[in-house]
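# An overview of the molecular structure
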Amino acid sequence: MTIRALHVASELYPLLKTGGLADVAGALPPALIERGADVRVLLPGFPAVAAGLADLRPVAQLAHPLGHRGSLSHATLELGTLPANGISVYMIRDDALYDRPGNPYLDAEHVPYGDNAQRFALLGWTAAQLAQRADPAWAPQIIHAHDWHAGLAPAYLKAAERAAGRTFARTVFTVHNLAYQGIFPAQEFGHLALPGDFFSMHGVEFYGQLSFLKAGLYYSDRLTTVSPTYAREIQTLAQGGGLDALLRARTHDLSGILNGVDYTVWNPSIDDGLAARYTSTRLPGKRACKTALQARFGLAQKSDALLFGVVSRLTEQKGLDLLLGALPEIVSRGGQLVVLGTGDPALEAGLLRVAHAHPDAVAVERGFDEPLAHAIVAGSDVIAVPSRFEPCGLTQLYALAYGSLPLVHRVGGLADTVVDASLENLADDLATGFVFERFEPDALAAAIRRAFALYARRGEWKAAQQRAMRQDFGWGASAQRYLDLYRSLV
Ligand code: ADP
Ligand code: GLC
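Cut-off values and rules
- Residues numbered from 1 in each chain as written.
- Chains lettered and ligands numbered in written order.
- Predicted model: local features only at pLDDT ≥ 70, side-chain atom pairs only at ≥ 80, totals over all residues.
- Heavy atoms only, no water.
- Helix = DSSP H or I, 4+ residues; strand = E, 2+ residues; numbered from the N terminus.
- Contact = heavy atoms within 4.5 Å.
- Polar contact = N/O pair within 3.5 Å; in protein donor to acceptor, adjacent residues only side chain to side chain.
- Near = heavy atom within 4 Å.
- Areas by Shrake-Rupley, 256 points an atom, 1.4 Å probe, with all protein chains shown as cover.
- Nonpolar A, V, L, I, M, F, W, Y, C, P; charged D, E, K, R; others polar.
- Core = buried A, V, L, I, M, F, W, Y, C linked by side-chain atoms within 4.5 Å.
- Buried < 20%, exposed > 50% of the residue type's maximum accessible area, 1.4 Å probe, protein only.
- Domains from an automatic or database assignment.
- Pairing = 2+ DSSP bridges.
- Axes fitted to C-alpha atoms, helices over the stretch in contact; angles between N-to-C directions.

Time to look at the environment of Y230. Along the chain, Y230 falls in helix α7 (residues 228–233). Considered as a pair, Y230 and H7 are 223 residues apart in the sequence and their alpha carbons are 22 Å apart. Setting aside chain neighbours within four positions, we find Y230 in contact with V175, N177, L178, T225, F389, E390, P391 and G412. Reaching out from Y230, the side chain makes a polar contact with the backbone nitrogen of L178 at a distance of 3.0 Å.

Next up, the structure:
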């Protein structure tokens, strides 16, 4: 039996991306389709989405209850295709809510838009409408909602099912990051057109406020998160973001399914943007990438300087404040560092200060630049991901594919994907990177020293690189697990 599933998300590579969620929304649907599912995607009609879809045509007028003062507002449900792979994508056209340039969540001052509750409620509401045949030609049996932006989809569906006395679809909710909860003042609930009793501890209420994330966790039939370790971590008081009790209560419905890599996008043997292409058996191309990267950033052209790379959102989560403290260790040992990222101004300023003090060794570029991200992953010897917490993390998986050994904190998906270059792991041919246990300066510094020590033993370094490149983190196994989950529901 072919299963029809609708993925509901706020971003999707290559249309619009601020982080790994977009990579997953772009790669998981085609992987499911390859395994026989009938999958479509629903996105808000942000400018980049409307501009990037082909053959857009209206399929339904939506008179939705999310306008002002209880009156009905109008939006259009449109259907188009992704030029890259022909995937069918529904888009909600509501220019008053979505036609804004730049970041999909924040205004030009980096402040969340004042109407975000309404903007993302419409996303969830429309998903529930699709399950009720808003498009007469196609209705999903599974609604697969991603992160808080889509968290109200299962709530609207449950409300509609209760009113109709029947089931329209089953729901899966994936937590990509428990730190972003979509919390709004309680009075916003009055504008959502949900049944009044949904605003309770057994519902969308969270310590007196409205939580979109909790709605997803409470009303969905199944919950997943993006790595097995993170699935355990979020059930603890320390890492449950106030939702650990709910997650523990739902432990039998919760599983961790590791994200995959789209090897058509992240593959050094076919990556057109690189200075040279390479494989695990033809590594000289990687050296050319390193030389090009050093030139691009004005670093000393030393082929034997151990080059660390960072491609990251600069937020508390990513732990780059700890790395900043370890920079003297890297520089004094003759290493180099390249950083690409945007976010926290204080962190940006701190990194730029070190770059000004050591222009031969440290370079920082602010911004979001996909081709440059590939160039850094390819040209670095080590990719550092010292996150405080990391639901899955894709950067370390890309690093493995490019033979750049990841240096990571042992949390979440980082713990599930990188094997430390300890003596015993090296002896057993298992090491693929550098892993530190405690989020403390001395633990990070020790991992950095392990990287320098291994780099001095070139044969073993090359063996670890080749092992890293041979790891298979493709979507195959994980897409199959999602499919099994869907089958268990319909
Ligand atoms: P998160 O989703 O928490 O940001 P992930 O590691 O899952 O972390 O995914 C990050 C994704 O965003 C990767 O594809 C990475 O290459 C990309 N990325 C992060 N920062 C930048 C940037 N400044 N420029 C280009 N790509 C970036
Ligand atoms: C989130 C997480 C990251 C994960 C990504 C995709 O942004 O921070 O760890 O890889 O989502 O699931």
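Moving on, we get to the site of ligand 2. Near ligand 2 you find 14 residues, and of these H176, N259, E390, C392 and G393 are the closest. Note that an oxygen atom of ligand 2 is positioned 2.5 Å from one of the side-chain N or O atoms of E390. In this structure, an oxygen atom belonging to ligand 2 sits 3.0 Å away from a main-chain N or O atom of C392. Taking 310 Å² as the accessible area of ligand 2 by itself, protein coverage stands at 93%. The greatest single-element share of the shell around ligand 2, amounting to three residues, is contributed by helix α1 (residues 20–34). Tallied by class, residues from the shell around ligand 2 come to six nonpolar, six polar and two charged.

A separate point is the nonpolar core. L32, F308, L407, F434 and Y486 are the most contacted members of the largest nonpolar core, which totals 96 residues. Looking at which element gives the most residues to this core, the answer is helix α16 (residues 441–455), with eight residues. Residue assignment places this core across two domains, with domain 1 (4–260 + 475–489) and domain 2 (284–470) each supplying three or more. Within the second largest apolar cluster, 76 residues are counted, among which are L123, L152, F198 and L210.

By the element assignment, G474 lies in the loop between α17 (458–470) and α18 (476–489). As a C-alpha pair, G474 and D262 span 212 residues in sequence and 6.4 Å in three-dimensional space. When residues no more than four places from it in sequence are discounted, the contact partners of G474 are G260, V261 and Y263.

Picture the strands of a sheet paired through backbone hydrogen bonds; they go either parallel or antiparallel. Taken in spatial order, the nine strands line up as β3-β4-β5-β2-β1-β6-β7-β11-β12 in an open sheet, and their pairing is mixed. Edge positions in the sheet fall to β3 (54–64) and β12 (254–256), since each of these pairs with one other strand and no more. The sheet shows a mean angle of 25 degrees between the axes of neighbouring strands, direction not considered. Pairing analysis gives five bridges linking strand β1 (residues 4–8) to strand β2 (residues 38–44), with the strands arranged parallel. By the bridge assignment for β2, R4 is matched with D38. Against the sheet, helix α6 (residues 212–219) makes contact with β7 (170–175) and β11 (222–225), and its axis sits at roughly 135 degrees relative to β7, the strand it touches most.

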